[in-house]
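Spelled out, the chains give:
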Amino acid sequence: MKTKKLINDGAHAVDEMLVGVLAAHGRHLYAVEGTPRAIVAKDGPRRGKVGLVIGGGSGHEPAFLGFVGKGLADACAVGNVFASPPPDPIIECAKAASGDAGVLFMYGNYAGDVMNFDMAAEMLAMDDIEARTVLTTDDVASAPLDQKQKRRGVAGNFFIFKAAGAACDRMLSFDECERIARKANDHTYTMGVALAPCSLPQTLRPNFDIGADEMEIGMGIHGEPGVQRGTLQPADEVVDEMLDRILVEMSPSRGDKVAVLVNSLGSTPLMELYIMNRRLAQRLSDIGVDVHATWVGNYCTSLEMAGASITLHHLDGELQAMLDHPCDCAMFRAG
Amino acid sequence: MKTKKLINDGAHAVDEMLVGVLAAHGRHLYAVEGTPRAIVAKDGPRRGKVGLVIGGGSGHEPAFLGFVGKGLADACAVGNVFASPPPDPIIECAKAASGDAGVLFMYGNYAGDVMNFDMAAEMLAMDDIEARTVLTTDDVASAPLDQKQKRRGVAGNFFIFKAAGAACDRMLSFDECERIARKANDHTYTMGVALAPCSLPQTLRPNFDIGADEMEIGMGIHGEPGVQRGTLQPADEVVDEMLDRILVEMSPSRGDKVAVLVNSLGSTPLMELYIMNRRLAQRLSDIGVDVHATWVGNYCTSLEMAGASITLHHLDGELQAMLDHPCDCAMFRAG
Amino acid sequence: MTIETLSLKTMFAAVAAAIAADRDRLCALDGVIGDADHGIAMELGFNAARDAVAGLGEDADPTLIFNTAAKSFLNAVGASSGPLYATAFMRAGAAVKGKPSLSDADFVAAFQAMAQGIRDRGKAEPGEKTMVDAWAPAAEAAGQAIAGGANAADAIAAAAAAAAKGAEATSGMIAAKGRSSRLGERAVGHVDPGAASAATVIGAMADSLRTSATA
Amino acid sequence: MTIETLSLKTMFAAVAAAIAADRDRLCALDGVIGDADHGIAMELGFNAARDAVAGLGEDADPTLIFNTAAKSFLNAVGASSGPLYATAFMRAGAAVKGKPSLSDADFVAAFQAMAQGIRDRGKAEPGEKTMVDAWAPAAEAAGQAIAGGANAADAIAAAAAAAAKGAEATSGMIAAKGRSSRLGERAVGHVDPGAASAATVIGAMADSLRTSATA
Ligand SMILES: Nc1ncnc2c1ncn2[C@@H]1O[C@H](COP(=O)(O)OP(=O)(O)O)[C@@H](O)[C@H]1O
Ligand SMILES: Nc1ncnc2c1ncn2[C@@H]1O[C@H](COP(=O)(O)OP(=O)(O)O)[C@@H](O)[C@H]1O
Ligand SMILES: [Mg+2]
Ligand SMILES: [Mg+2]
Ligand SMILES: [Mg+2]
Ligand SMILES: [Mg+2]
């Protein structure tokens, strides 16, 4: 049985989506001439500013292109569904984003993305554009803490890109921008849970199997298996299980501040996310952790996958300033 | 087979959601003491301003409570899932919203909502608060044009509330606010399509049946049957069918301006919405209609229902000014 | 026979039990032509009414019982059923104002007031495929029975039969009120959930009265 | 036997056809331990390569063919497969630079360069449950065969057999590279999709060479 989607030809879904994105968000975004998969902020790149280029596979909307705009990313290279973009659009993004102060590549830590962005960086070096890379590795479930560099980047991207984008927008030096980006990544912890699969537009088949009463804790945003499959539990227990894993690593002190993201993987509605946030807020309050700001909704999705993730962004004064720095993107505004 | 949700007890889903909403959006929202289902804007109600009270059943998030805030609605009465709120929270909302210049009730035209809001209005009259009602009836599919007063209110609420909220925020007179609200409703046209059902937290059963390859054009946002069930078509054809019905009624002239909302009913992801928007923008451009602004995403949902709606808001100078008027709500910002 | 505070409380409990047992069928009926929640609304409403009236003292008169049921039902439910049943109960309370207990005729008068309250609140006429299509013939049947010398238990039993028949007949109707009123021909062939639940409510009232009468 | 422009083009077409036929199996394999798109990526990539090389003139030398394949594959795909196969093709092109056509030994040298390119790009060692577990033994088998006097068709046939065996063996491995490297023990029992597709690719190359040789 095929899944149902409001698409035309699955092979053209990404390109047609981008046409629709530009039609809707022409005030914020444009595509590099001749490279429709290189999406650039109209207001963003400028001389002397470190350029921030993000990117990754499609199917995670509003990540990543929704976070392109003044105060956040300067450009986004768009890949096929769940597939890294090839070097070409990455290179075009970097050129468009470059203000001759260096270009920061930020994206989730996946083998494909690493290879493509690295190839792009090598080619850019020949054009005298220095690109440095900060991988996001916020998915607590995807490797033990002592192998954090192996972890995947998931919804916590949101905070990490936000911090880096603010640093760039404040015209900080390349070194500073890179430092803040790395620090933001180190301070960001995500755990996810999946209840039902998505399907790719090209196959219209569920991209993994999961029992009618099962959930999978720690599943990746492309349906990669997680750490544990079990019977679906009440929301409070699921939140507890996810939060406990995060807190072990984050080990906050009383009075610490965090920002919170409760993110839908796609079809899990706001009602459920807010129910989760209720528990999360209670638990944080119980341990004396102060929630500085909360976002709830679809920020990093897996097409129509059912499930949700929780991200804590452990703030200090600097990260809080970056978070509070205004940004104005096609699909996200803050500050 | 039960559907899967990240909830605790289905009977408490709405109340738990509201706790989570307030935890996340304490900067924007509070609940009237002793009436947790009456949600009020922290910045909004003030002396001399017409109060705007919206409301309806839960399960449509971010509608309706996400549209409470400065420049939009002053308060929202929250019902059970897909059920009008009773008079009590409506009354409390009206009292909190009242600036002694009248209170406007705006909500979708459903028998239950009409009865409950009317009862509330009667009781408020005894307290010398005048409440006038403007029903939203933007669902083109739900009755013939000559019976527009019978139509349902669906995602077009977004534009209608926005216009009314701006009028109120500009401190216009009660009559003017009411006139603009009615005009906004008359200028707003929505058509929806559903692909797969949602399920209520209390039953965890799909709330309607639909074949594996079927879609239903015109289905209501609670799963009420629409105008036509047929085989799922490619997105472009679906958009054409919906748009044609809207254009027949709206009959725009070349050079006219519209605002566009492409709304997910829940689990239909942004990729599909933008593919739809691509076709919509092309079609509008072909007939010389100018798109002033576009919103794409989850604005009026039916829990996890799969499907989408298209709304056109036919602008004139006045409605455009109202649309462009800034607002700052918990789940929506513009201007 | 007179109907005391205690038997009214028992009656609300009996109706709540009957509706709870019928919940899923009512949701399924509503799923076909409405939004699938009617069983939930009715269950919530009658559970709230049952609990609220159970909490009243022994000196509560029928009017207080009906008014308490109205308020608790309404606040628990909202929706369409809330105002309709709340108005029904308030009218019943008004109809028997000042009476410490109800004669058979009083009870039928309260019952007829309920039906009228639903009609007034919803502004629906018989034939518009709503709960009025169960309540209106039920009220008429109860009135005829009591006029013909029946007691309250028999009158409401007659009403229950009429309600069941009326509910069944909604299947052939096009809806003119409520959520299904936009369906036109597509609603034909499906029983209206509010009419179906009305038959359940009135049937449970009849059963409860029969049990009280024989007790 | 020498391998001409035409037979290289035919070979790309043959591989594209084999991969298209295998697409759904590859997606399913990737669904178990990855993100379910490997068949799509490979199909897109080889279709793009096939079309791009088909568009080259008759005077295109093998290096131009391989480089064209590399670029078109990469731009169509991205993902992991894109850089890996693009690097493979670029290395093959570099390995036979300047030759208007390929001898049997040239072809095997190009083939071995492909395998090395994949290893270099992905920095994966054999045993890490990637396509290297098919490509590395395949390159070795082809080298041994040609050293033992076999022609290109037989050498690649030997490579195909080794690739199939290598792919099969990934089932027992824990992944150390790629998307499945976070699964630990959970990846055991499942064949790596990239290794599986490598076996298909190399098998189709062998078939294509055999057909050209006998043609
Ligand atoms: N105007 C009305 N008058 C009488 N009954 C009505 C009216 N509108 C709706 N109803 C009844 O209400 C029932 C639906 O109730 P319910 O499902 O609880 O509310 P909602 O429509 O808000 O979901 C319908 O089946 C119908 O019998
Ligand atoms: N570092 C690597 N070295 C070699 N092969 C790799 C490496 N990373 C991934 N692969 C191969 O790529 C395959 C997955 O390819 P594909 O599904 O197209 O890309 P993606 O992982 O981006 O979805 C894996 O099965 C594996 O064989
Ligand atoms: Mg992929
Ligand atoms: Mg309802
Ligand atoms: Mg209903
Ligand atoms: Mg893959």
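Residues numbered from 1 in each chain as written. Chains lettered and ligands numbered in written order. Predicted model: local features only at pLDDT ≥ 70, side-chain atom pairs only at ≥ 80, totals over all residues. Heavy atoms only, no water.

**Student:** Could you give an account of the site of ligand 2, naming the residues involved and the relevant values?
**Tutor:** Taken together, 21 residues surround ligand 2, and among them D35(D), S81(D), G122(D), M131(D) and D192(D) come closest. Those residues lying near ligand 2 are distributed over chains A and D. Contact distances for ligand 2 include 2.9 Å between an oxygen atom and a backbone N or O atom of M131(D). For ligand 2, whose unbound accessible area comes to 570 Å², protein coverage reaches 96%. Secondary-structure elements contributing two or more residues to the shell around ligand 2 are helix 2 (38-54), helix 4 (81-95) and helix 8 (193-214) of chain D. It is helix 8 of chain D that contributes the most residues to the shell around ligand 2, 3 residues altogether. Among the residues forming the shell around ligand 2, the class breakdown is 8 nonpolar, 7 polar and 6 charged. (Near = heavy atom within 4 Å. Polar contact = N/O pair within 3.5 Å; in protein donor to acceptor, adjacent residues only side chain to side chain. Areas by Shrake-Rupley, 256 points an atom, 1.4 Å probe, with all protein chains shown as cover. Helix = DSSP H or I, 4+ residues; strand = E, 2+ residues; numbered from the N terminus. Nonpolar A, V, L, I, M, F, W, Y, C, P; charged D, E, K, R; others polar.)

**Student:** Run through unusual backbone geometry, naming residues and quoting values.
**Tutor:** Omega for the peptide link from E61(A) to P62(A) comes to 10°, which places this bond in the cis form. Along the chain, the position of P62(A) falls in the loop between strand 3 (51-58) and strand 4 (69-70). The phi torsion at D100(B) lies on the positive side, around 65°, for a residue other than glycine. Mapped onto the fold, D100(B) is located in the loop between helix 2 (87-97) and strand 6 (103-108). D100(B) gets classed as exposed once you look at its relative accessible area, which sits at 59%. For K123(D), which is not a glycine, the phi torsion comes out positive at approximately 50°. (Buried < 20%, exposed > 50% of the residue type's maximum accessible area, 1.4 Å probe, protein only.)

**Student:** Please set out the relation of the copies chain B and chain A residue by residue, giving values where relevant.
**Tutor:** Rotating chain B by 180° and translating it 0.0 Å along the rotation axis places it on chain A, where the RMSD comes to 0.0 Å. What the superposition gives is, in effect, a two-fold axis relating one chain to the other. Relative to the rotation axis, the closest C-alpha in chain B is found at S267(B), a distance of 2.0 Å. Looking at chain B, 100% of its interface residues are interface residues in chain A too, so the copies touch through the same face. (Least-squares fit on C-alpha atoms with pLDDT ≥ 70 in both. Contact = heavy atoms within 4.5 Å.)

**Student:** Describe in detail the interface of chain C and chain B, supporting the description with residues and values.
**Tutor:** Listed by partner, the interface residues are 30 residues for chain C and 36 residues for chain B. The interface formed by chain C and chain B includes 4 salt bridges. When the shortest N-O distance is used, the salt bridge between R179(C) and E224(B) registers 2.8 Å. Where chain C meets chain B, there are 12 residue pairs in polar contact (both at pLDDT 80 or more). Broken down by secondary-structure element, the contributors of at least two residues to the side of chain C that touches chain B are helix 1 (5-33), helix 2 (38-54), helix 3 (62-77), helix 4 (81-95) and helix 5 (104-122) of chain C. Grouping the amino acids of the side of chain C that touches chain B by side-chain chemistry returns 14 nonpolar, 8 polar and 8 charged. (Salt bridge = Lys/Arg side-chain N within 4 Å of Asp/Glu carboxyl O.)

**Student:** An account of helix 4 of chain C is needed here, citing residue identities and associated values.
**Tutor:** Across its 15 residues, helix 4 of chain C extends 21 Å between first and last C-alpha, which sits within 8% of the 21 Å expected from 1.5 Å per residue. Among the 15 residues of helix 4 of chain C, 11 are classified as buried, and the element is accordingly described as predominantly covered. (Expected span 1.5 Å × (residues − 1).)

**Student:** Can you break down the pairing of strand 1 (residues 29-32) of chain A residue by residue, with the values?
**Tutor:** Residue and element names in this part refer to chain A. Examined bridge by bridge, strand 1 and strand 2 (residues 35-41) share 4 bridges and lie antiparallel to one another. Within strand 2, the position partnered with Y30 by the bridge is V40. The turn joining strand 1 and strand 2, which pair antiparallel and follow one another in sequence, is formed by 2 residues; a positive phi near 85° is taken by G34. (Pairing = 2+ DSSP bridges.)

**Student:** For the sheet that holds strand 7 (residues 131-136) of chain A, give the residues involved together with the corresponding values.
**Tutor:** Residue and element names in this part refer to chain A. Strand order in the open sheet made by the 6 strands is 1-2-5-3-6-7, with mixed pairing throughout. The open sheet terminates on both sides in strands that have one partner only, identified here as strand 1 and strand 7. Put simply, the sheet's adjacent strands are angled 30° from each other on average, direction ignored. (Axes fitted to C-alpha atoms, helices over the stretch in contact; angles between N-to-C directions.)

**Student:** Could you give an account of the interface of chain B and chain A, with specific residues and numbers?
**Tutor:** Contacts between chain B and chain A engage 59 residues on the former and 59 residues on the latter. A combined buried area of about 4500 Å² lies between chain B and chain A, and 66% of that area is made up of carbon and sulfur atoms. Among the residues chain B hides against chain A, the three largest losses belong to K4(B), L6(B) and M271(B). Together they make up 21% of the total. Taken together, the connections running from chain B to chain A amount to 4 salt bridges. The salt bridge partner of E16(B) is R278(A), with a shortest N-O separation of 3.7 Å. Between the two partners, chain B and chain A, sit 20 residue pairs in polar contact (both at pLDDT 80 or more). Elements with a minimum of two residues in the side of chain B that touches chain A: helix 1 (13-24), strand 8 (188-196), helix 6 (235-250), helix 7 (270-286), strand 12 (290-297), strand 13 (306-315) and strand 15 (333-334) of chain B. (Buried area = accessible area lost by both parts, 1.4 Å probe.)

**Student:** Could you give me a rundown of the packing of helix 5 (residues 174-186) of chain B against helix 8 (residues 317-324) of chain B, with the residues and numbers involved?
**Tutor:** Residue and element names in this part refer to chain B. Where helix 5 contacts helix 8, the two axes come as close as 11 Å, and the packing angle between them is 100°. As far as their axial angle goes, helix 8 and helix 5 are roughly perpendicular. Contact residues: helix 5 offers E176, R179, I180, K183 and A184, while helix 8 offers E318, L319 and M322. A per-class count over the contact of helix 5 with helix 8 returns 4 nonpolar, no polar and 4 charged. (Parallel < 35°, antiparallel > 145°, perpendicular 65-115°, else oblique.)

**Student:** Explain the site of ligand 1 residue by residue, including any values.
**Tutor:** Neighbouring ligand 1 are 21 residues; D35(C), S81(C), G122(C), M131(C) and D192(C) lie closest to it. Mapping the residues adjacent to ligand 1 onto the chains of the assembly identifies chains B and C. G194(C) is positioned with one of its backbone polar atoms (N or O) 2.9 Å from an oxygen atom of ligand 1. Protein contact buries 96% of the 560 Å² of open area that ligand 1 shows by itself. Those elements that place two or more of their residues in the shell around ligand 1 are helix 2, helix 4 and helix 8 (193-214) of chain C. Per-element tally for the shell around ligand 1: the top contributor is helix 8 of chain C, with 3 residues.

**Student:** Outline the packing of aromatic side chains, listing residues and values.
**Tutor:** The tally for this structure, following the rule as stated, stands at 44 aromatic pairs over all chains. Summarising the aromatic geometry, the rings of F158(B) and F332(B) are spaced 4.9 Å apart at their centres and angled 70° between planes, so their arrangement reads as edge-to-face. Residue F158(B) is located in helix 4 (residues 157-169), and its partner F332(B) is located in the loop between strand 14 (327-329) and strand 15; the two are separated by 174 residues in the primary sequence. F332(B) shares its class with F158(B); the two are buried. Aromatic pair F111(D) and W135(D): ring centres 5.2 Å apart, planes at 45°, arrangement tilted. Here F111(D), found in helix 5 (residues 104-122), pairs with W135(D), found in helix 6 (residues 132-147); they are 24 residues apart in sequence, far enough to count as distant. Each of the two residues, F111(D) as well as W135(D), counts as buried. An aromatic cluster is built from F12(C), F46(C), F66(C), F73(C), Y85(C), F89(C), F111(C) and W135(C), whose rings are joined through pairwise contacts. (Phe/Tyr/Trp six-rings, centres within 6.5 Å; stacked < 30°, edge-to-face > 60°.)

**Student:** Break down the coordination of the magnesium ion (ligand 5) for me, citing the residues and quoting the values.
**Tutor:** All names here are of chain C. Distances from the magnesium ion (ligand 5) to its protein donors, namely D30 (OD), D35 (OD) and D37 (OD), fall within the range 2.0 to 2.2 Å. Along the chain, the residues donating to the magnesium ion (ligand 5) are arranged with the sequence spacing D-x4-D-x1-D. A separation of 3.4 Å is found between the magnesium ion (ligand 5) and the magnesium ion (ligand 4), which are bridged by D35. Here D30 falls in the buried class, since its relative accessible area comes to 8%. (Donors = N, O, S within 2.8 Å, 3.2 Å for Na, K, Ca; no water.)

**Student:** So, the environment of A155(D): which residues are in play, and what are the values?
**Tutor:** Residue position: A155(D) is located in helix 7 (residues 152-169). Those residues in contact with A155(D) that sit more than four places away from it in its chain are V108(D), A142(D), A145(D), I146(D) and A150(D).

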